[in-house]
Amino acid sequence: MAERVRRLRVEEDIVRQGGGAAAAARQHGKNRLTARERIAGLLDPGTPLLELGVWAGWGLYAEWGGAPAAGVVCGLGRVSGRWTMVIANDATVKAGAFFPMTVKKVLRCQTIALENHLPLIYLVDSSGVFLPLQDEVFPDIDDFGRVFRHNAVASARGIPQIAAIMGNCVAGGAYLPVMCDTILMTEGSGLYLAGPALVQAAIGQLVTSDELGGARLHAALSGTADFREPNDEACLVRIRSLMSRLGPPAPGPFNRIPAVEPARAAADLYQIFPADPQQPYDIRVLLACILDAGGAGGTPGLAFDEYRPEFGQTLVCGYGRLGGFAVGIVANQKLTVKRSTASGGKRLEFGGVIYPESADKAARFIMDCNQSHIPLLFFHDVNGFMVGKEMEAAGIIRSGAKMVNAVANSVVPKLAVILGGSFGAGNYAMCGRAYDPRFLFAWPTARFAVMGGEQAANTLLEIKVRQLEKTGHALYPEERKELLAGIHASYEEHSDPRYAAARLWVDAILDPLETRAHLIAALEIAALNPDLPAFRTGVLQT
């Protein structure tokens, strides 16, 4: 695990260099800071940025020279003491142009802000849409126009939005700051629907960038900019001043007491979680490194109160605390257990597999947490639902549908961490991306796919063999082995956590040692939204 984390951090350091040292030097030559320098100057001293989507665009757009972090730096940090979502265009990456994944990353961060009533700060320095890929950026429901819709919706909901134009702000992208509540501009920046070259081509007018849409024009003539600042540093100081005047957030409806450190050290996670995904481990031991007081001890309100511990044992459900917050835990148990059946027999149940009793228990527990306004934490290491004649007769589909229904209709905040496998419908039942977790984190050992690599590779091989046999070609054993290895390698690449993070299926890949801190921050942020709608499930298959 430590080696996996080390390799990921080396790669992340490269991603964080954006367009590289030469591009950063060009930015400094314009008397401008880089995106990361701007964010560092914006956040409260000594407080970190919880960066989101650092892997966005990883391995994509190679034909265009790549787009590290999708050309935009985003994350959560404290500004004048307030949790804030910060979105900063990285002008060292293709002049801050919007690639398809740039749009999706900005939309994801806006969605987090909307769900959690977070103030939004945009540090704008972008040349607009990356034109060679405009057909993938412009027209669809989750494309560029949705960014401005989110601006309007956030403003209507009273979520503060501050936009600082600190470089280029061109074409359709010009709507983003103008749809915010407060607009700042630095000297040398430009805000216009069409740049000088396009204006000359369209109407034959010769005009400089400053004459067309400079800071003075928008501060003194158009009345668009609220504040005109001499440079980046002064602009950041002004933003911090404006943020310090925001009214306090409404209190959240969740129970919180002073936090207690876990009973086990976080470093133990490296030993508890096995390097081999086939090896068993006890999820309760792992939770003892993350939950307050390790979820153990006899102190009322601190103990991990496990729900129905003798029933449906391949899922562990229970009430605990994290950072002082009352939380409900739904976690896959990786130990194999022997279960007594109603007829007096014994049944072996495999760890990481959801059985009918497990799904029934989890569905009821999730409903109880919603009834009691207790946020839900899901810890994935799931192979999927159990299959076979006995399971079908026991109603595995019905029980699974009940659990998925409860997850889908939950109104309390849901957070998810993918520790190991997250396969098939197990991903859905454990609150995968499609089920709107407020935050979704992954460990370096995470894997995402419709089924495990071994099963998938063998299934795909058999399909390929049958196709070849229809053409009269029978595979030799060596050919079969080579084909299987190729299929397996491709499948493993696509289930890699970096592949998922590149497409924003997860918000961040965490060192296991960071898990507790990130989850506590996520709970604090989720508590900023005090509004919980009524909980309803609709029709349940019983």
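Please read all numbers here as calculations on a predicted model, not as lab measurements.

A. Highlighting the environment of Y499. Among the secondary structure elements, Y499 is positioned in helix α19 (residues 497-502). Placed 451 residues apart in sequence, Y499 and P48 show a C-alpha to C-alpha distance of 26 Å. Y499 has contacts with W58, E493, H494 and W505, leaving out every residue within four places of it along the chain.

B. Structural view of the packing of aromatic side chains. Overall, the coordinates contain 14 aromatic pairs when judged by the stated rule. Centroid distance W55 to W58: 5.8 Å. Interplanar angle 80°. Geometry classified as edge-to-face. Since its relative accessible area comes to 30%, W58 is described here as partly exposed. Ring plane angle 65° and centroid distance 5.1 Å describe the contact between F144 and F148, whose orientation is recorded as edge-to-face. On the criterion of helical spacing, the pair formed by F144 and F148 is a turn pair, its members being 4 residues apart in helix α5 (residues 144-156). Both residues of the pair, F144 and F148, count as buried. By the ring-pair criterion, three or more aromatic residues cluster together here, those being Y61, W64, F99 and F130.

C. Structural detail: the packing of helix α13 (residues 356-371) against helix α15 (residues 396-409). Interhelical geometry of α13 versus α15 gives an angle of 25° and a closest axis separation of 8 Å. Considering their axes alone, α13 and α15 lie roughly parallel with respect to each other. The handedness of the crossing between α13 and α15 is left-handed. Contacts between α13 and α15 involve P356, A359, D360, A362, A363, I366 and M367 from the first element and I396, S399, G400, K402, M403, A406 and V407 from the second. Its residues placed into classes, the contact of α13 with α15 shows 10 nonpolar, 2 polar and 2 charged.

D. The pairing of strand β2 (residues 72-79), seen in detail. In terms of burial, β2 is largely enclosed, as 7 of its 8 residues are buried. As defined by bridge partners, strand β1 (residues 50-52) adjoins β2 across 3 bridges and the pair is classed as antiparallel. Among the inter-strand pairings, E51 is bridged to a residue of β2, identified as G75. Of the pairings in the sheet, the one linking β2 to strand β3 (residues 82-89) comprises 8 bridges and is antiparallel in character. In the sheet register, G77 faces β3, and the bridge partner there is T84. Following β2, the chain reverses through 2 residues before pairing antiparallel with β3; S80 in that reversal takes a positive phi of roughly 55°.

E. A look at the pairing of strand β18 (residues 439-442). Here β18 shows no split at all, with F439 and F441 on one side and L440 and A442 on the other all buried. Across 4 bridges, strand β17 (residues 414-423) lies against β18 in parallel orientation. From the neighbouring strand, L415 faces β18, where its bridge partner is F439. Following the backbone out of β17, through helix α16 (residues 424-429) and into the adjacent parallel β18, one traces a crossover that is right-handed. The pairing of β18 with strand β20 (residues 508-509) spans 2 bridges and is classified as parallel. Of the residues in β20, the one forming a bridge with A442 is I509.

About the criteria used
- Residues numbered from 1 in each chain as written.
- Predicted model: local features only at pLDDT ≥ 70, side-chain atom pairs only at ≥ 80, totals over all residues.
- Heavy atoms only, no water.
- Helix = DSSP H or I, 4+ residues; strand = E, 2+ residues; numbered from the N terminus.
- Contact = heavy atoms within 4.5 Å.
- Phe/Tyr/Trp six-rings, centres within 6.5 Å; stacked < 30°, edge-to-face > 60°.
- Buried < 20%, exposed > 50% of the residue type's maximum accessible area, 1.4 Å probe, protein only.
- Axes fitted to C-alpha atoms, helices over the stretch in contact; angles between N-to-C directions.
- Parallel < 35°, antiparallel > 145°, perpendicular 65-115°, else oblique.
- Left-handed = near helix turned anticlockwise from the far one by under 90°.
- Nonpolar A, V, L, I, M, F, W, Y, C, P; charged D, E, K, R; others polar.
- Pairing = 2+ DSSP bridges.
- Right-handed = clockwise from strand over helix to strand, strands pointing away.

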